[in-house]
Amino acid sequence: MFDATADPAADRARYDRATAHLDAPLAVVDLAAFDANAADLVRRAGGKPVRVASKSVRCRALLERALAREGFAGVMGFTLAESLWLARCGFDDVLLAYPSADRAGYAELASDQKLAAAVTVMVDDPAQLALIDAARGGGREEIRVCLELDTSLWLLGGRVRIGARRSPLHSPAQLAELARSVARRPGFRLVGLMAYEGHIAGVGDAPHGRPLRARAVRLMQSAARRELAQRRAAAVRAVRAVAPDLEFVNGGGTGSVQHTAAEDAVTEVAAGSGLLMPRLFDDYTSFSGRPAALFAQPVVRRPGVGVVTVLGGGYPASGAAGRDRLPVPYLPAGLRYDPVEGPGEVQTPLLGPPADDLLIGDKVWFRHAKAGELCERFAALHLVEGDRVAETVPTYRGEGRTFL
């Protein structure tokens, strides 16, 4: 939920003063908001470590800032190339959250003792183990492996499925069988289990103006939490019977941190979006946060009364296409898209009374729908403290790294 105690007008004045010497387009991170969001994630985790999901951050300086705080430990990466790069940069605990077919990356991992000790790869199919072995290229390092449990809620005997289509491993018995496959295969060590409940962690239960949907989401999520807690506990018992030295059981996401952390079977939770609070995370009743990441576009035209045009701004987020995937004009409050044009590739008309107070060159501040994808558009983030830019740091893109 959006933090109602914030003062958007005061924030706009601060951001304008801080970036007065900078030309838009540009992106900022409000460090006070970032730190407040980080503290709230730690509070909700209830003493269990929070692993930072890098896909939602995509900036090394911010990853380091989060990990320097008590309560955070480890990174959750999104590609093997990114995981290896982070390990080479000094991050010593990187869990790759998705299976990979990067043969060159596996050859590098299997040939480097430091990388092999720092990176854990995701597996949910014996064929992935075979691919890794075929890609070793003579490398003899032991590969750390994590298994992923499918968290989706199955109803009517599995004929109805609610949740992301991720791992094919739904039952504890399926997890245990793959765990045995890992144990039998030389060169691998099973160290972790992951279960990401996206239908709970990534679906807001208070969509604005949709009370019936909100009720349906809450009922679904309540049932899903109960079912998953029981099945996850059984899966952990089944896997530990094969691998008693399992190092971690990872679960959750920004929207379910407190619920997942309450499960005895879970040893750590994951979160990333909650640090930056993009607009898709406004619709939750269980927590509130402060928007920390914004981007600004300059006013370049004044086509008429109640209309201004800004440069660019068409930065849709991934997922099923829809209005909820678009950035939103945020500051000054009261601007909206032209319904015919929407946010454009090179120009975006904005409508509303505040348009008449904007001059050529003024900044309009937007919130992105998702968190990390904003960094694919900008090479740098300006870190704002109060009404000044304390530091400018490169994003992954600014460091020449585009992993997906």
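Residues numbered from 1 in each chain as written. Predicted model: local features only at pLDDT ≥ 70, side-chain atom pairs only at ≥ 80, totals over all residues. Heavy atoms only, no water.

With respect to the pattern of salt bridges
This structure, assessed with the given rule, holds 28 salt bridges. For D35, the salt bridge goes to R65, with nearest N and O atoms at 2.8 Å. Of this pair, D35 sits in helix α2 (residues 31-45) while R65 sits in helix α3 (residues 60-67), placing them 30 residues apart in sequence. According to the relative accessible area criterion, R65 is partly exposed, its value standing at 29%. (Salt bridge = Lys/Arg side-chain N within 4 Å of Asp/Glu carboxyl O. Helix = DSSP H or I, 4+ residues; strand = E, 2+ residues; numbered from the N terminus. Buried < 20%, exposed > 50% of the residue type's maximum accessible area, 1.4 Å probe, protein only.)

Things to note about unusual backbone geometry
In this chain, A24 is followed by P25 through a cis amide linkage whose omega measures 5°. For P25, the position within the fold is in the loop between α1 (8-18) and β1 (26-30). Note that the residue after L331, namely P332, is joined by a cis bond; omega there is 0°. Take P332: it is sitting in the loop between β14 (328-331) and β15 (336-337). One non-glycine residue, R58, adopts positive backbone phi at about 55°. Accessibility expressed as a relative area gives 9% for R58, which makes it buried.

Quick word on the pairing of strand β5 (residues 119-123)
Among the five residues in β5, five count as buried, and that is most of the element. Burial along β5 is two-sided: V119, V121 and V123 facing one way and T120 and M122 facing the other are all buried. Note that strand β4 (residues 94-96) and β5 share two bridges and pair parallel. Its bridge partner being in β5, V94 is matched across the sheet by V119. Sheet analysis places β5 next to strand β6 (residues 143-148), joined by four bridges and oriented parallel. Looking at the pairing, V121 lines up with V145 of β6. The parallel pair β5 and β6, bridged by helix α7 (residues 126-135), forms a crossover whose chirality is right-handed. (Pairing = 2+ DSSP bridges. Right-handed = clockwise from strand over helix to strand, strands pointing away.)

Side note on the packing of helix α4 (residues 80-88) against helix α5 (residues 103-111)
At a minimum axis separation of 9 Å, α4 and α5 run at an interaxial angle of 35°. As α4 packs across α5, the resulting crossing turns out to be left-handed. Together, L80, L84 and R88 of α4 and G105, Y106, E108 and L109 of α5 make up the contact between the two elements. Across the contact of α4 with α5, the residue classes break down as four nonpolar, one polar and two charged. (Axes fitted to C-alpha atoms, helices over the stretch in contact; angles between N-to-C directions. Left-handed = near helix turned anticlockwise from the far one by under 90°. Contact = heavy atoms within 4.5 Å. Nonpolar A, V, L, I, M, F, W, Y, C, P; charged D, E, K, R; others polar.)

Quick word on the nonpolar core
Counting 88 residues, the largest nonpolar core has V29, V121, V145, L147, L190, L275 and L381 as the members making the most contacts within it. Among the elements that make up this core, the one with the highest residue count is α2 (six residues). Residues within four places of V29 in sequence aside, it is in contact with F34, L62, L276, A292, A293, L381, H382, L383 and V384. If you look at the next biggest cluster of nonpolar residues, it comprises 13 residues, including A296, L331, V384 and V389. (Core = buried A, V, L, I, M, F, W, Y, C linked by side-chain atoms within 4.5 Å.)

With respect to the packing of aromatic side chains
On inspection of all chains with the given rule, the structure shows 12 aromatic pairs. Look at Y15 and W365: their rings are 5.6 Å apart centre to centre, the planes differ by 50°, and that puts the pair in the tilted class. Here the residue Y15 occupies a position in helix α1, and W365 occupies one in strand β17 (residues 363-367), the gap between them amounting to 350 residues. The class of Y15 is buried, set by a relative accessible area of 3%. Both rings, one in F281 and one in Y284, keep their centres 5.5 Å apart while their planes meet at 10°; by these two values the pair is stacked. Classification of Y284 as buried rests on a relative accessible area of 2%. Grouping aromatic residues by their ring pairs yields a cluster made of F78, W85, Y396 and F403. (Phe/Tyr/Trp six-rings, centres within 6.5 Å; stacked < 30°, edge-to-face > 60°.)

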